[in-house]
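# Geometric and topological summary
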Amino acid sequence: MRALHSLLGSTVNALCKVSITHCREIKLGVLADVYYGNNILNGYARCHDFFLAHKMFDDMPQRDTVSWNTMIAGHVNYGNFDTAWEILREMKRCGFDFDGYTFGSILKGVACAYRCDLGEQVHSMVVKTGYAGNVYSGSALLDMYAKCGRVEEAYVVFDSLPERNSVSWNALIAGFVQVGDRKTAFWLMNCMEQKGVKLDDGAIAPILTLLDDAEFYKSTMQIHCKILKHGLDCKSTVCNATITSYSECGSIEDAERVFDGAFGSRDLVTWNSMLAAYLIHKKELLACKLFIDMQMLGFEPDIYSYTSIISAYSEDVHKNHGKSYHGLVIKRGLEKSEPISNALIARYLKSNSNSMEEALQIFKSMESKDRVSWNSILTGLSQMGLNEYALKFFGHMRYTEVEIDHYAFSAVLRSCSDLATLQLGQEIHALAHKSGLESNEFVASSLIFMYTKCGIIEDARKSFEQTPKDSSITWNSIIFGYAQHGQGYVALDLFFQMKKEKVKLDHITFVAVLTACSHMGLVDQGCKFLMSMESDYGITPRMEHYACAVDLYGRAGRLDEAKALIEAMPFKPDAMVLKTLLGACRACGNIELASQIAGYLLELEPEEHCTYVLLSDMYGHLKRWDEKASVKRLMRERGVRKVPGWSWIEIKNEVFSFKAEDHSHSHCEEIYCVLGVLMEEIKRMDFDANVKALMHDLDPMDWYCDNALLQNYDSVLSAA
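This section reports on the structure supplied with the text. (Residues numbered from 1 in each chain as written. Predicted model: local features only at pLDDT ≥ 70, side-chain atom pairs only at ≥ 80, totals over all residues. Heavy atoms only, no water.)

### Some thoughts on the overall build of the chain
For the chain, the helix and strand inventory stands at 39 helices and two strands. Across the 720 residues of the chain, 43% fall into the buried class. Considering only residue pairs separated by 6 or more positions, the chain has 58% of its internal contacts joining residues 24 or more positions apart. For the chain, the exposed area adds up to about 39300 Å²; of that, 55% sits on carbon and sulfur atoms. (Helix = DSSP H or I, 4+ residues; strand = E, 2+ residues; numbered from the N terminus. Buried < 20%, exposed > 50% of the residue type's maximum accessible area, 1.4 Å probe, protein only. Contact = heavy atoms within 4.5 Å. Areas by Shrake-Rupley, 256 points an atom, 1.4 Å probe, with all protein chains shown as cover.)

What follows is the structure, encoded as structure tokens:
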């Protein structure tokens, strides 16, 4: 903010000086001289006062090429490319010749606007007017093609230049860096050195952005050596890029050393680079300390600084000052900033307390909201299970000018899945199709999940078949879908097909495969998958994979092997693994092991009601009433209450939610009347079932007749 005030102050002072000079030259009567007129014109253009600049330009009795170039360059530098292009066309109509500076300025504007079509027109003018061999025009052409991603044309222009300076080399290297051609970029850097052109920050800084993985750590060290050799370590752009590169290559220690060594030449970007490095490596406490240090040393954080530190918020680290960053934002007057408000919304939504109310308050207070704002709230509502609100929010979103993108479709389809609202899900599917996003991997995955949850596996398969099959996201979803529908063999066939088509497998793929094996009772096959994950596929088993394997053994009644697997895990089991084993104990009726596991769980999650309920039910099933009563008493003492389950029903495209003994619906009397009739019918059918069991023991033929009657009854129910 201080820098901004300083800039505004300097601009105002500069404009005052230009105005004073203008008045003095009017008084002296020298403005008729084009030289003096161009100086005043240049002053107004540099101050971005285009009203006075155009008035001055229109009033000039004489103009030359410099006058036109000044106006073109002024608008290009301010980002008014369309106006600059119109001035160029007017210059041509008025019969003025273009020179190297004309082409250089307009090509800079073309590059910034990514208007390669207009750039080609300028290229033809450059050739026609004989400026193709001009270093200034040639470098501008090269830079234009490179920034527009047309690196082949950029290289042709580069190759035709009669002489090449560091600007030409840097522009070409930057072009190949932009398209991600690492090999060519490094080759050009080596050629540049062999030709005797000294490396500078314009070549080194872009090259470093390509070194963003652990496999490039040695390359980063080599480039760092070149930086020290050429004395470029004091250049802030090089220093910042080096910090980022070391961080992304996995070495936070080297990033710290570069940062510490740049004490005298740090700028705000240097601090932000180190801040980002700490956050990438999950060192939130060091990031917080750095955030404070930069302010103590006189560096005012910018929007990037605030969004980074807010986004990295973790309740485990910031227990004692959860809302301190929010308060700091308000204190600095930055609460109106869209990116910062979006970061705050995301921070509240991912906190353990699920502060939806605070997130909504920030959302409502925002003067302007972008797609990120809307999508964050929609996703938050969906992830927190507030699915009815999510559907209503999506409806409001559609009536705004905000574009519905794949994030929004994915979130609302998740809510349709949780509510099992097939009709509404199909309508959103049609909307996604109309928007051209049906084949997006995230939308397709959500569609597969929605149809799977609604029991329509055939439509889930159709959605899968209609999408490109180069991403693991959709493959994982369809494998999960078939696994959950008990079609484990189909799921495994899809896995092997996925391997055959060389789609990259990930850890979620193996969760899906192990789930399929578990549901089909393929214990040996599932164990082979678990044991071969790291050796054959390079994927280290995670907690969720062991949880699937425990479930696999538990469903097969092999509790001893499940327990042995947990004991052999390379890390301590979390609540998810223990809950899976507890569920297996319940299925196998092993109350002793269940009590032991429940004890661990009650220490890990003393407020989680599921463990108490599960253990209580097991004791009740075995008629161990004293133990059941002690569990109930422990729940009361700890203030733990069983969370009631909710159900949903969709009637005439409207979703109704309810729970046991719920009387909130306006027609609850009629609903309970019908429920009473149904309960009586269930009791009667239960009595009939007991009678049929008795008759089955007496006469097989009677059983056959009763079975035929039951089938007939089923057909009547189906028709009804």
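Picking up after the structure, the text goes on.
### A word on the nonpolar core
Counting 130 residues, the largest nonpolar core has Met-274, Ile-310, Phe-394 and Phe-409 as its most contacted members. With eight residues, helix α32 (residues 543–555) is the largest single contributor of residues to this core. Once you skip the residues sitting within four places of it in the chain, Met-274 turns out to touch Ile-243, Ile-252, Ala-255, Glu-256, Phe-259 and Leu-290. Within the second largest apolar cluster, 69 residues are counted, among which are Phe-81, Leu-141, Leu-172 and Ile-204. (Core = buried A, V, L, I, M, F, W, Y, C linked by side-chain atoms within 4.5 Å.)

### Some details on helix α10 (residues 166–178)
With 13 residues, α10 should reach 18 Å at 1.5 Å per residue; the first-to-last C-alpha distance of 18 Å fits that figure. Among the structural elements, α8 (135–147), α9 (151–160), α11 (182–194) and α12 (201–208) are those in contact with the buried residues of α10. Where α10 begins, the capping side chain belongs to Asn-165, and its oxygen is found 3.2 Å from the backbone nitrogen of Val-167. A positive backbone phi angle near 80 degrees is found at Gly-180, which sits one or two residues after α10. (Expected span 1.5 Å × (residues − 1). Polar contact = N/O pair within 3.5 Å; in protein donor to acceptor, adjacent residues only side chain to side chain.)

### Details of the state of the cysteines
By the definition in use, this model includes zero disulfides. Summary of cysteine pairing: Cys-239 is not part of a disulfide, and the nearest cysteine sulfur, belonging to Cys-234, is at 9.7 Å. Take Cys-239: its relative accessible area is 4%, and that puts it in the buried class. Cys-454 supplies the cysteine sulfur nearest to Cys-416, a cysteine that is in no disulfide, at a spacing of 7.8 Å. Given the relative accessible area of 0%, Cys-416 is considered buried. (Disulfide = S-S within 2.5 Å.)

### Quick notes on the pattern of salt bridges
Scanning the entire structure with this criterion turns up 21 salt bridges. Its salt-bridge partner being Asp-117, residue Arg-115 comes within 3.0 Å of it at the nearest N-O pair. Here Arg-371 and Asp-405 are joined by a salt bridge, their closest N and O atoms 3.6 Å apart. With Arg-371 in helix α22 (residues 371–383) and Asp-405 in the loop between α23 (387–398) and α24 (406–419), this pair connects stretches of sequence that are 34 residues apart. One salt-bridge network, held together by shared partners, links Glu-120, Arg-150 and Glu-153. (Salt bridge = Lys/Arg side-chain N within 4 Å of Asp/Glu carboxyl O.)

### Remarks on a nonpolar patch on the surface
Among the surface-exposed residues, Ile-671, Tyr-672, Val-674, Leu-675 and Leu-678 lie close enough to one another that they form a single nonpolar patch of about 410 Å² accessible area. Summarising the element assignment, Leu-678 is placed in helix α38 (residues 668–698). For Leu-678, a relative accessible area of 47% corresponds to the partly exposed category. (Patch = residues over 30% accessible without salt bridge, like charges linked within 9 Å, V, L, I, M, F, W, Y side chains within 5 Å.)

### Let's talk about the packing of aromatic side chains
Both the distance between ring centres and the angle between the ring planes are used here to describe each pair of aromatic rings. All chains considered together, the criterion is met by 25 aromatic pairs. Aromatic side chains Phe-291 and Tyr-306 sit 5.6 Å apart centroid to centroid with 75 degrees between the ring planes, which places their arrangement in the edge-to-face category. Remark: Tyr-306 occurs in helix α18 (residues 303–311) and Phe-291 occurs in helix α17 (residues 284–296); sequence separation between them is 15 residues. By relative accessible area, Phe-291 is classed as buried at 2%. Judged by its relative accessible area of 1%, Tyr-306 is buried. Site record: aromatic cluster; members linked through ring pairs are Phe-495, Phe-496, Phe-510, Phe-529 and Tyr-537. Above the plane of the ring of Phe-259 lies Arg-266, whose end atom (NZ or CZ) is 3.9 Å from the centre. (Phe/Tyr/Trp six-rings, centres within 6.5 Å; stacked < 30°, edge-to-face > 60°. Lys NZ or Arg CZ within 6 Å of the ring centre and 35° of its normal.)

### With respect to unusual backbone geometry
One non-glycine residue, Ala-420, lies in positive phi territory at about 55 degrees. Note that Ala-420 resides in the loop between α24 and α25 (422–434). Phi at Lys-502 takes a positive value of approximately 60 degrees, unusual for a residue other than glycine. Structurally, Lys-502 can be placed in the loop between α29 (488–500) and α30 (507–520). A relative accessible area of 76% places Lys-502 in the exposed class.

### Focus on a negative patch on the surface
Among the surface-exposed residues, Asp-212, Asp-213, Glu-215 and Glu-248 lie close enough to one another that they form a single negatively charged patch. Considering the arrangement of structural elements, one finds Asp-213 in the loop between α12 and α13 (217–229). (Lys, Arg positive; Asp, Glu negative; His and termini not counted. Charge placed at Lys NZ, Arg CZ, Asp CG, Glu CD.)

### Regarding helix α26 (residues 441–453)
Taking 1.5 Å per residue, 13 residues should reach 18 Å; α26 reaches 18 Å between its end C-alpha atoms and fits that length. Along α26, the residues that are buried comprise Val-443, Ala-444, Ser-445, Ser-446, Leu-447, Ile-448, Met-450, Tyr-451 and Thr-452. Each element contacted by the buried residues of α26 is listed here: α24, α25, α27 (457–465) and α28 (472–484). One side-chain oxygen at the N-terminal end of α26 lies 2.9 Å from the backbone nitrogen of Phe-442; it belongs to Asn-440. Once α26 finishes, Gly-455 follows within two positions and takes phi at roughly 85 degrees, a positive value.

### Details of the side chain of Asn-342
For Asn-342, the position within the fold is in helix α20 (residues 338–350). Taking relative accessible area as the criterion, Asn-342 reaches 7% and is therefore assigned buried. A distance of 2.7 Å separates polar atoms of two side chains, one belonging to Asn-342 and the other to Ser-373. Apart from the residues within four sequence positions on either side, Asn-342 is in contact with Met-366, Asp-370, Val-372 and Ser-373.

### Observations concerning the packing of α18 against α20
Relative to each other, α18 and α20 sit at 5 degrees, their axes nearing to 9 Å. The orientation of α18 relative to α20 falls into the category roughly parallel. Counted together, Ile-303, Tyr-306, Thr-307, Ile-310 and Ser-311 of α18 and Pro-339, Ile-340, Ala-343, Leu-344, Arg-347 and Lys-350 of α20 form the full contact between these two elements. Residues that form the contact of α18 with α20 fall into these classes: seven nonpolar, two polar and two charged. (Axes fitted to C-alpha atoms, helices over the stretch in contact; angles between N-to-C directions. Parallel < 35°, antiparallel > 145°, perpendicular 65-115°, else oblique. Nonpolar A, V, L, I, M, F, W, Y, C, P; charged D, E, K, R; others polar.)

### Description of the environment of Val-503
Within the secondary structure, Val-503 sits in the loop between α29 and α30. The spacing of Val-503 and Lys-469 is 34 residues in sequence and 7.9 Å in space, taken between C-alpha atoms. In this structure Val-503 touches Lys-469, Asp-470, Ser-471, Ser-472, Trp-475 and Met-498, once residues within four positions along its chain are discounted.

### Focus: the environment of Ile-309
Relative to the helices and strands, Ile-309 is located in helix α18. Taking the C-alpha atoms as reference points, Ile-309 and Ala-276, separated by 33 residues in sequence, lie 8.5 Å from one another. When neighbours within four sequence positions are excluded, Ile-309 is seen to be in contact with Leu-275, Leu-279, Ala-287, Cys-288, Phe-291 and Tyr-325.

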